[in-house]
Amino acid sequence: MKICVLVKEVPDAAVEKRINPSTGRMDRSGEKNLNPFDTHAIEAAMQLKEGGSVEVDEVVAVTMGPETAVRALHKAVSLGADRSLHLTDEALAGSDVNGTGYALAQALAAEQPDLVLLGQQSDDGECYTIGAVVADHLRMPSLTQVIKIDVDGGALRCERQAEYGYDTVLVELPAVISVGDAINEPRYPSLKAIMGAKKKPLDTKGIADVGIDAGRVGYDNAKAHCADFKAPAAKEAGRIIEDEDTAETVEQIVAWLDERKLLA
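Okay, so let's go over this structure.

Rules behind the numbers
Residues numbered from 1 in each chain as written. Predicted model: local features only at pLDDT ≥ 70, side-chain atom pairs only at ≥ 80, totals over all residues. Heavy atoms only, no water. Salt bridge = Lys/Arg side-chain N within 4 Å of Asp/Glu carboxyl O. Helix = DSSP H or I, 4+ residues; strand = E, 2+ residues; numbered from the N terminus. Buried < 20%, exposed > 50% of the residue type's maximum accessible area, 1.4 Å probe, protein only. 1 Å grid on protein atoms, 1.4 Å probe; cavity = no way out; pocket = protein on both sides within 12 Å on 5 of 7 lines; lining within 4 Å. Points joined across faces, edges and corners; volume = space filled by probe spheres on them. Phe/Tyr/Trp six-rings, centres within 6.5 Å; stacked < 30°, edge-to-face > 60°. Lys NZ or Arg CZ within 6 Å of the ring centre and 35° of its normal. Core = buried A, V, L, I, M, F, W, Y, C linked by side-chain atoms within 4.5 Å. Contact = heavy atoms within 4.5 Å.

**With respect to the pattern of salt bridges**
Moving on, step 1. Inspection of every chain in the model, using the stated rule, returns 13 salt bridges.
Moving on, step 2. For the salt bridge of Arg71 with Glu9, the shortest nitrogen-to-oxygen distance reads 3.4 Å. Note that Arg71 is positioned in helix H2 (residues 70–78) and Glu9 in strand S2 (residues 9–11), a separation of 62 residues in sequence.
Moving on, step 3. According to the relative accessible area criterion, Glu9 is buried, its value standing at 11%.

Okay, here's the thing in C-alpha cells:
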C-alpha cells in the first residue's frame, strides 16, 4: 500500500490573520508552520504503517505552495513520511479550492496512491472541503471527520463524527480520508529525525510535470474573488469599578444596568 498525506504550510497560529488589500488574499507573510491538523493525518499514516495489519510500502507527504512550503514537507518527513512531493509553480498562485483540489489531484494521480490522508481543515482557510474536491477529481470515495481507522481485509473500517453521533463506514480502497484531530495524538519528531529530514527524497514538480491545465488554476481562473474587507469596529473599552465601598459599587453597577435597560 502507498499512502499519500496532503500537508499545507500555514501562518503561525499566534499571527493575527489578515487580508492583503492589494491582492484580496490572505497575508501569508511572517512565521509559518505545518498545518497542525495535518500532523494528525501523518500520525494516522504512521500508525497504519507500524500497526502490522496492512503492509505499507511508503508514506509520501504532498504539498502545493511556494518555495517556503518545503519547510512543511521537512516537518512532515521528520514525523515519519518516507519522502515528499512539492508542487510549486507561479501559475498556481491564488488558486481557489476548486483549482487547488484539481492541481493536487493531478499530482496524486501521478503517484497512484492506495490511500490519501489529510487533516479535516487548514488552520488558515478552514474550508473543510479540499478532501472532497480531490476525491471527486480522482474518482475515489471520500470520508470526512474520521476519528478512527481500522484495517478490515482489503478495506478500511472508519468511524466518523456526525451531528447526531457517530457513523461507522466500510470504505474500499483507493480512497481519500480527512481525519479529525480527535483521531490521535501526533508524535514529536526526534532530533535525529529533524536533522535527517532534509536528506530524505524530495521531488519538486511544476504544472507541466503532472499535466495541469494552466487555464484551470491561479487567481485569474478562480471561481470566486474576495473584493472588499474591513476590520471590525473597535469595541468600546469596558468600565472598571475600583471603589472599595461595597454599597456604592453595587449602586454603580445597578445604575449602569438600568441605563441600558438590562434590569427586569
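Moving on from the model shown.
**Thoughts on empty space enclosed by the protein**
Moving on, step 1. All chains considered together, the criterion is met by two cavities of 30 Å³ or more.
Moving on, step 2. Size it by volume and the second largest cavity reaches roughly 30 Å³.
Moving on, step 3. Taken together, Leu73, His74, Val77, Ser84, Ala197, Lys200, Pro201 and Leu202 make up the lining of the second largest cavity.
Moving on, step 4. Considering each element in turn, the lining of the second largest cavity owes the most residues, three residues, to H2.

**Focus on H2**
Moving on, step 1. Along H2, the residues classified as buried are Val70, Ala72, Leu73, Ala76, Val77 and Ser78.
Moving on, step 2. Of the residues flanking the end of H2, it is Gly80, one or two places downstream, whose phi is positive at about 135°.

**Structural notes on the packing of aromatic side chains**
Moving on, step 1. On inspection of all chains with the given rule, the structure shows zero aromatic pairs.
Moving on, step 2. One cation-aromatic arrangement involves Arg216 over Tyr102; the distance from NZ or CZ to the ring centre is 3.9 Å.

**So, the environment of Ala234**
Moving on, step 1. Examined against the element boundaries, Ala234 turns out to sit in the loop between strand S13 (202–205) and helix H6 (246–259).
Moving on, step 2. Along the primary structure Ala234 and His86 are separated by 148 residues, whereas in three dimensions their C-alpha atoms are 41 Å apart.

**Re the nonpolar core**
Moving on, step 1. Within the largest apolar cluster, 33 residues are counted, with the highest numbers of intra-cluster contacts made by Ile3, Val5, Leu117, Ile149 and Ile177.
Moving on, step 2. By residue number, the principal contributor to this core is helix H1 (residues 36–51), which donates six residues.
Moving on, step 3. Those residues in contact with Ile149 that sit more than four places away from it in its chain are Leu48, Leu117, Leu156, Arg157, Cys158, Ile177, Val179 and Ile183.
Moving on, step 4. Of all hydrophobic cores here, the second largest spans 26 residues; its members include Val60, Leu85, Ala107 and Leu118.

**Observations regarding the environment of Tyr102**
Moving on, step 1. Tracing the backbone shows Tyr102 in helix H3 (residues 97–111).
Moving on, step 2. Between the alpha carbons of Tyr102 and Gln161 there is a distance of 26 Å; along the sequence they are 59 residues apart.
Moving on, step 3. Other than its neighbours up to four places away in sequence, Tyr102 contacts Val133, His137, Gly211, Ile212, Asp213, Arg216 and Val217.

**Some remarks on unusual backbone geometry**
Leaving glycine out, the prevailing phi sign among residues is negative, and the prevailing peptide bond configuration is trans.
Moving on, step 1. A cis geometry characterises the amide bond from Leu173 onward to Pro174, with omega recorded as 5°.
Moving on, step 2. Here Tyr128, not a glycine, exhibits a phi torsion of approximately 70°, which is positive.
Moving on, step 3. Within the secondary structure, Tyr128 is located in the loop between strand S8 (115–119) and helix H4 (130–138).
Moving on, step 4. With a relative accessible area of 41%, Tyr128 lands in the partly exposed category.
Moving on, step 5. Positive phi values are uncommon outside glycine, yet Arg139 reaches one of about 60°.
Moving on, step 6. On the secondary structure map, Arg139 appears in the loop between H4 and strand S9 (142–152).

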